[in-house]
Amino acid sequence: MTQDSIMVGLVLFRALTLVVLGCFSSTLGSDDIGRICQDLWNADTNSLIHGIDFDINIQSTASYANKNDVSNGKLFTRVDESRLNTRTWRAFKVMMMIMMLSHLYSFQSSFKFELQKMWLYFYRRKAYRDSSGFEHVFLGELQTKSDGVTQVSGFHNWLQFYLEEKKNNLANYYGYYNAKLYSEPTSIKLQMSWHKKLKPITGFFLGTSPEFELALYTACFKLKPDKRCQCSIGGQTIIIQTYALGNYVGTAYPLV
């Protein structure tokens, strides 16, 4: 990746964050998280719709006791990638590539806004400056525990799973625990591996746009940090769990 493409990505991500801030900045002082969630969903025009823009094959149910792959096929059977050509989707994909090169480029110091610092500041999770909220939630991380076992940490984004599943099955779908597929936004709780390392349980929305997820997670992180953040979208109960590491996003994901 060239320095020019990185700078383009940063400019696009600045635009994306302004969209996110504009969605809920006027309501951050309110306790009415339910209204914020519905307003964010109503304002979103870039999310993909299950059964129209993408299809999945949930196959077999996973087991908490069984760590084996019980689903032979891929999770995503079709995604209309033409829907991923809007500015925020392009910015998001470039941002994902930038974060993969994060140790080569110290770009995060140029961001001045609270939202950008909250998500992009590199902090200590296991080692010095080894993690950020964006990397943990939207990309996923490989972490070695004290017993020497390496597992997947984070990884709560459907697009990252889809892209990694396309790349020689770097992400491997094992099976599902629960799936909400009949009311938007759709979501799934599943077992998977990434780079042949296990993620026993993870969950993410399906088809949702990056600006919707960033806005929803940020609103819940600001209003109900380290708590379950419950709201309703189109009559469906949505619960977001966030955890903080200092002033920064430790993780954020939907409870499915």
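Scroll up for the structure.
Remember, it's a predicted structure, so these values are computed and weren't measured experimentally. (Residues numbered from 1 in each chain as written. Predicted model: local features only at pLDDT ≥ 70, side-chain atom pairs only at ≥ 80, totals over all residues. Heavy atoms only, no water.)

What should I look at first to understand the sheet that holds strand 8 (residues 228-233) in this one?
The strands that make up a sheet pair up through hydrogen bonds in the backbone, lying either parallel or antiparallel. Overall, antiparallel pairing links the three strands, which are arranged 8-9-10 in an open sheet. Both outer strands of the open sheet, strand 8 and strand 10 (248-254), are each paired with one neighbouring strand and no more. Adjacent strand axes in the sheet meet at a mean angle of 25° when their direction is disregarded. Note: strand 8 against strand 9 (residues 236-245), six bridges, orientation antiparallel. (Pairing = 2+ DSSP bridges. Helix = DSSP H or I, 4+ residues; strand = E, 2+ residues; numbered from the N terminus. Axes fitted to C-alpha atoms, helices over the stretch in contact; angles between N-to-C directions.)

When you look at the sheet that holds strand 7 (residues 197-206) in this model, what are you seeing that I'm missing?
Sheet architecture is open: three strands sit in the order 5-6-7, paired in antiparallel fashion. Edge positions in the open sheet fall to strand 5 (171-180) and strand 7, since each of these has one partner strand only. Strand-to-strand twist of the sheet, defined as the mean angle between neighbouring strand axes without regard to direction, takes the value 25°. As judged from the eight bridges shared by strand 6 (residues 186-194) and strand 7, these two strands associate in the antiparallel manner. The residue bridging lysine 189 from the neighbouring strand is glycine 203, located in strand 7. Each of strand 5, strand 6 and strand 7 touches helix 6 (residues 158-166); the most contacted strand, strand 5, lies at about 145° to it. (Contact = heavy atoms within 4.5 Å.)

Just to check I follow, could you spell out the side chain of serine 71 for this structure?
Summarising the element assignment, serine 71 is placed in the loop between strand 1 (54-56) and strand 2 (76-79). On the accessibility criterion, serine 71 (1% relative accessible area) is buried. A polar atom in the side chain of serine 71 sits 3.2 Å from the backbone oxygen of tyrosine 174. Setting aside its immediate chain neighbours within four residues, serine 71 contacts Ile58, Gln59, Ser60, Tyr173, Tyr174 and Gly175. (Buried < 20%, exposed > 50% of the residue type's maximum accessible area, 1.4 Å probe, protein only. Polar contact = N/O pair within 3.5 Å; in protein donor to acceptor, adjacent residues only side chain to side chain.)

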